[in-house]
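# Structural characterization, general
Take a look at the letters that make up each chain.
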Amino acid sequence: DRTHRGARDAKSETLKAGHCHDDHADNWHYAHTPIQKWVAGLRRARPVVLTALAAVFAAWPVDPRRLAIAGFSDGASYALSLALMNGDLFTHALGFSPGFAAPLGQAGRPRFFLSHGTEDQVLPIDRCGRRLAAQLQKAGYLTIYREFEGGHELPAEIALTALAVNRFFLLKPM
């Protein structure tokens, strides 16, 4: 059993917002991580990202109306959560095989590109990618979602599609 010790006993504290929790999905640690650990991680990540962005803004001419955040797997979950929390900063987010989004609040209206493999054994598509895309669309966010035949990966074709969507989003600022 690869879950954290005691995680099954802490179901009431386990992440509930858009996650892919399942008693049999023991191969992904966030699915069984108490909410306090996820929140602590996101609280630590947010200022690091914002500090890094401030340094970039100071060093290079950046158009703040054209700023994206992206990630794969756990990084996608963080990227999507940060975009939802900072939608007034990030105009869009790209998430490749995300597990969930659990923002600590919401601001702005970022746009989203998500992709997920139909054979993903790490973050199963039904409980993760499909569910998250549907939740974002239901909440009124512009969401482009692409599935591909494959597992927990980022195929070249999806990467090229994401680059095209990213370019579109960049050329059409909100």
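Residues numbered from 1 in each chain as written. Predicted model: local features only at pLDDT ≥ 70, side-chain atom pairs only at ≥ 80, totals over all residues. Heavy atoms only, no water.

## What about helix H3 (residues 129-138)?
What H3 keeps buried is the set Gly129, Leu132, Ala133 and Leu136. Within H3, the buried residues cover an arc of 100° as seen down the axis, which keeps them to one side. Elements that come into contact with the buried residues of H3 comprise helix H2 (74-85), strand S3 (111-117) and strand S4 (143-148). Just beyond H3, the residue with positive phi is Gly140, at close to 90°. (Buried < 20%, exposed > 50% of the residue type's maximum accessible area, 1.4 Å probe, protein only. Helix = DSSP H or I, 4+ residues; strand = E, 2+ residues; numbered from the N terminus. Arc of directions from axis to C-beta. Contact = heavy atoms within 4.5 Å.)

## Here's the deal with the side chain of Asp120
Take Asp120: it is sitting in the loop between S3 and H3. Despite being buried, Asp120 has no salt bridge partner; Arg127 is the closest side chain of opposite charge, sitting 8.9 Å away. At a separation of 3.2 Å, a polar atom in the side chain of Asp120 contacts the side chain of His116. A polar atom in the side chain of Asp120 sits 2.7 Å from the side chain of His152. The contact partners of Asp120, leaving out residues within four places of it in the chain, are Ser97, Gly150, Gly151 and His152. (Lys, Arg positive; Asp, Glu negative; His and termini not counted. Salt bridge = Lys/Arg side-chain N within 4 Å of Asp/Glu carboxyl O. Polar contact = N/O pair within 3.5 Å; in protein donor to acceptor, adjacent residues only side chain to side chain.)

## Quick notes on the pairing of S3
Where burial is concerned, most of S3 is hidden: seven out of the seven residues are buried. The side-chain alternation of S3 yields two buried faces, one formed by Arg111, Phe113, Ser115 and Gly117 and the other by Phe112, Leu114 and His116. With five bridges joining them, strand S2 (residues 92-96) and S3 adopt parallel strand pairing. Bridging from a neighbouring strand, His92 pairs with Arg111 of S3. (Pairing = 2+ DSSP bridges.)

## Let's talk about the environment of Glu153
Following the sequence through the fold, Glu153 ends up in the loop between S4 and helix H4 (156-171). We classify Glu153 as partly exposed; its relative accessible area is 34%. In terms of polar contacts, Glu153 uses its side chain to reach the backbone amide nitrogen of Gly151, at 2.7 Å.

## Observations regarding the environment of Asp63
Structurally, the position occupied by Asp63 is in the loop between helix H1 (35-59) and strand S1 (68-72). What makes Asp63 partly exposed here is its relative accessible area of 26%. Measuring from C-alpha to C-alpha, the distance between Asp63 and Pro173 comes to 9.9 Å, with 110 residues separating the pair along the chain. Polar side-chain contacts of Asp63 include one of 2.4 Å to the side chain of Arg66.

## Some words on the pairing of S1
Of the two faces of S1, only the one carrying Ile69 and Gly71 is buried; Ala68, Ala70 and Phe72 on the other face are not. Relative to S2, S1 runs parallel, the two sharing five bridges. If you follow Ala70 over to S2, its bridge partner there is Leu94. Crossover S1 to S2 through H2 is right-handed. (Right-handed = clockwise from strand over helix to strand, strands pointing away.)

## Concerning the nonpolar core
Residues Trp38, Ile69, Leu80, Phe90, Phe112, Leu114 and Leu136 are the most contacted members of the largest nonpolar core, which totals 27 residues. The set of elements that each furnish at least two residues to this core consists of H1, H2, S3 and H3. Considering each element in turn, this core owes the most residues, seven residues, to H2. Not counting residues within four places of it along the chain, the set of residues in contact with Leu136 comprises Leu84, Phe112, Leu114, Tyr141 and Thr143. Judged by nonpolar contacts, the second largest core, of nine residues, contains Leu94, Phe96, Ile158 and Phe169. (Core = buried A, V, L, I, M, F, W, Y, C linked by side-chain atoms within 4.5 Å.)

## Some points on the packing of aromatic side chains
Taken as a whole, this structure holds three aromatic pairs when the rule is applied. Centroid distance Phe168 to Phe169: 6.1 Å. Interplanar angle 50°. Geometry classified as tilted. A relative accessible area of 44% places Phe168 in the partly exposed class. Its relative accessible area of 1% is what places Phe169 among the buried residues. Positioned over the ring face of Tyr141 is Arg109, at 4.0 Å from the centre of the ring. (Phe/Tyr/Trp six-rings, centres within 6.5 Å; stacked < 30°, edge-to-face > 60°. Lys NZ or Arg CZ within 6 Å of the ring centre and 35° of its normal.)

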